[in-house]
Amino acid sequence: MAKDAEELARVTGSKQIQQLEFRAGAFGAAVPLLFFVIWAITTSVLQLSSEIGLVMGAVIGLTLGLLFSKSKWGDYAQGLFDGLAQPIGVIAMVAWFYAGMFAQVLQVGGLVEGLVWIGAITGLTGGMFVALTFLLAAVFSTAVGTGYGTTVAFCTLMYPAGIATEAEPVMLFAAILAGAVFGDNLAPVSDTTIVSATTQDADVPGVVRSRFKYAIVAAIPTTILFAVFGGGAGSVSADEAAQTAMLESANPKGLMMLLPFALVLILALSGHHLITSLTWGILSSIPLILILSLGSFSDIIRFNPDSDAIVEGALVSGITGYVNMAILILLIVAAAHLLRLGGTMEVITNGLVKWIKSSIRRAEFAIWGIVALLNSAITINTAAEIAAAPFVRELGEKYRIHRYRRANMLDAVTSALGYIFPWGAPVLLGWSTIQLMQDTYEWLPVVAPTSVFPFVFQGWFLVIVMLIAALTGWGLRYEGKNGEELKEAPRD
């Protein structure tokens, strides 16, 4: 990588910037990222948050940083481009595109309808249906790697079905969000999993294996609580039309899409590159869809000269769904790079080190706190994770905390809080989806985001589990010279 950078510098006549000076010192270097965080909070509170809006906030922040630069503006611009070229952002961006295509192909194949069929044939009602919804949402989100997609799909299909079978509306909505948390945290193809691994220079399969225990510890009490408290109070009773609609949407053939998912999971966990695993998942899904008549080839990709996009279909949707986020990750990675060039990272780390001293418990608590704080402020969890990642890596490397452990601390808290707060993007997305469903089911109750957030049990338990892990050292591993996991801190 260093040789590639040197060759690029020789060809273009540019050189990598090692240090920048800013007006107001370390604070000036932090202006781009600080402005972005303030922009994200403000737009969230005003309910104006969107991915392209966050991109605009990042661009304005980087422009303001230019005005604070005491170094030559050309050097600032070169430092910015150096940040944009960081492998962390590029790797995550490409992985998102492949993960998005795979998720869309699975949905074309009817995986959601297959999971609904499982719920339909069980005959479960009330709290048991809510618990089943959580488990199915967890399986689906783990399969496709998108908590946002899970929220939309299950609010569209499982929410009306659950209300029709006397489930408690708030608990049912919470169960959908909780299932999305599970998969967003654990799925090898999840954007947060990819970002947490790549930003800590860890491999995705190893990260997933190491975090399984945390997810399960949170999921067990979550399932029990939904089963116990998920029964409705009779405000909305089952009706024949609702149950008929539920059964009509169900299709057991869609469960065949679990085969490509299993293939991706096996390949990824056995050490194959994530892109390789996802490619085989996509290639194996398409013949299944065509052979079983689950969809047509035009559903997967087609040319439409009457459309502005010209090319349409699941593969295109899988990419376009992540374009704004891909731009955003590059801009935030660049802003974080400017923190390092301007010395902000060093100042913050040194301040934390003075408080932490030699306590590994304080170091992990500081990591937990930084991630929680940024996720409370930034509405899109991946963006918050990207913003927190440099601090997690800096502190983790300082105290020789293993990269898997750092990635788990980063991802678990991010995945959890992103689906809890009422101003969070997925909560608002689910709320708006349920509102739209009232056009089809007039009797459908709408749950306010402020009502659901205390009951997203998987999220709350995951935050608590990671806090306990930080304070007690449960699951803590140190990093050896060659990246190996050590139970005891290395002495060198």
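- Naming follows an unreviewed UniProt entry, where the chain appears as Na+/H+ antiporter NhaC of Sediminibacillus albus.
- Its UniProt record gives the chain a comment under Subcellular location (unreviewed entry), which states: "Cell membrane".
- For the chain, the Sequence similarities (unreviewed entry) comment in UniProt is given as "Belongs to the NhaC Na(+)/H(+) (TC 2.A.35) antiporter family."

**Considerations on the side chain of Glu-385**
- Tracing the backbone through its elements, the reader meets Glu-385 in helix α20 (residues 381–398).
- Within the buried set, Glu-385 has no salt-bridge partner at all; the shortest N-O distance to an opposite charge, 6.4 Å, is to Arg-211.
- Setting aside chain neighbours within four positions, we find Glu-385 in contact with Asp-191, Thr-192, Val-195, Ser-196, Leu-410, Asp-411 and Thr-414.

**Considering unusual backbone geometry**
- Even without a glycine there, the phi angle at Ala-24 is positive, about 70°.
- Relative to the helices and strands, Ala-24 is located in the loop between α1 (2–12) and α2 (26–45).
- Positive phi values are uncommon outside glycine, yet Ser-293 reaches one of about 55°.

**Concerning a nonpolar patch on the surface**
- The grouping of Ile-41, Val-45, Leu-46 and Leu-48 at the surface amounts to a nonpolar patch, some 400 Å² of accessible area in total.
- Along the chain, the position of Leu-46 falls in the loop between α2 and α3 (51–68).

**Here's the deal with α20**
- If you check α20, its first and last C-alpha atoms are 25 Å apart, about what 18 residues at 1.5 Å a residue would give, namely 26 Å.
- At Ala-388, α20 is deflected by roughly 35°, the largest bend along its length, and proline Pro-390 occurs up to four residues later in sequence.
- Within α20, 14 of the 18 residues are buried, which leaves it mostly tucked inside the rest of the structure.
- Backbone geometry just after α20 places Arg-400 at a positive phi near 60°.

**Details of the packing of aromatic side chains**
- Applying the stated criterion to the full structure yields 10 aromatic pairs.
- Taking the centre distance of 5.0 Å and the plane angle of 50° together, the rings of Phe-226 and Phe-457 count as tilted. Of the two residues, Phe-226 is situated in helix α11 (residues 204–229) and Phe-457 in helix α24 (residues 457–472); the sequence distance between them amounts to 231 residues. Just as Phe-226 is buried, Phe-457 falls in that class too.
- Aromatic side chains Phe-455 and Phe-457 sit 6.2 Å apart centroid to centroid with 85° between the ring planes, which places their arrangement in the edge-to-face category.
- Since its relative accessible area comes to 28%, Phe-455 is described here as partly exposed.
- Its relative accessible area of 12% is what places Phe-457 among the buried residues.
- Taken together, Phe-134, Phe-226, Phe-455, Phe-457 and Phe-461 form an aromatic cluster joined through their ring pairs.
- In this structure, Arg-362 is placed above the aromatic ring of Trp-355, and the distance from its NZ or CZ to the ring centre is 5.1 Å.

**Digging into the nonpolar core**
- Counting residues in each nonpolar core, the largest one holds 149 residues, and the members touching the most others are Phe-36, Tyr-159, Phe-226 and Leu-328.
- If we skip the residues at most four places from it in the chain, Phe-226 touches Gly-127, Val-130, Ala-131, Phe-134, Met-171, Ala-174, Ala-175, Ala-178, Phe-455 and Phe-457.

**A closer look at the environment of Gly-318**
- Examined against the element boundaries, Gly-318 turns out to sit in helix α16 (residues 314–320).
- Classification of Gly-318 by relative accessible area gives buried; the value is 3%.
- Along the chain, Gly-318 and Ala-99 lie 219 residues apart, while their C-alpha atoms are 7.5 Å from each other.
- Apart from residues no more than four positions distant in its own chain, Gly-318 is found in contact with Phe-97, Gly-100, Met-101 and Gln-104.

**Remarks on the pattern of salt bridges**
- This model, assessed by the stated rule, comprises 6 salt bridges.
- Each of Asp-201, Arg-403 and Glu-479 takes part in a single network of salt bridges with overlapping partners.

Scoring rules and cut-offs
- Residues numbered from 1 in each chain as written.
- Predicted model: local features only at pLDDT ≥ 70, side-chain atom pairs only at ≥ 80, totals over all residues.
- Heavy atoms only, no water.
- UniProt positions renumbered as here; feature names shortened; annotations may be inferred.
- Helix = DSSP H or I, 4+ residues; strand = E, 2+ residues; numbered from the N terminus.
- Buried < 20%, exposed > 50% of the residue type's maximum accessible area, 1.4 Å probe, protein only.
- Lys, Arg positive; Asp, Glu negative; His and termini not counted.
- Salt bridge = Lys/Arg side-chain N within 4 Å of Asp/Glu carboxyl O.
- Contact = heavy atoms within 4.5 Å.
- Patch = residues over 30% accessible without salt bridge, like charges linked within 9 Å, V, L, I, M, F, W, Y side chains within 5 Å.
- Areas by Shrake-Rupley, 256 points an atom, 1.4 Å probe, with all protein chains shown as cover.
- Expected span 1.5 Å × (residues − 1).
- Bend = angle between axes of the 7 residues up to and from the residue.
- Phe/Tyr/Trp six-rings, centres within 6.5 Å; stacked < 30°, edge-to-face > 60°.
- Lys NZ or Arg CZ within 6 Å of the ring centre and 35° of its normal.
- Core = buried A, V, L, I, M, F, W, Y, C linked by side-chain atoms within 4.5 Å.

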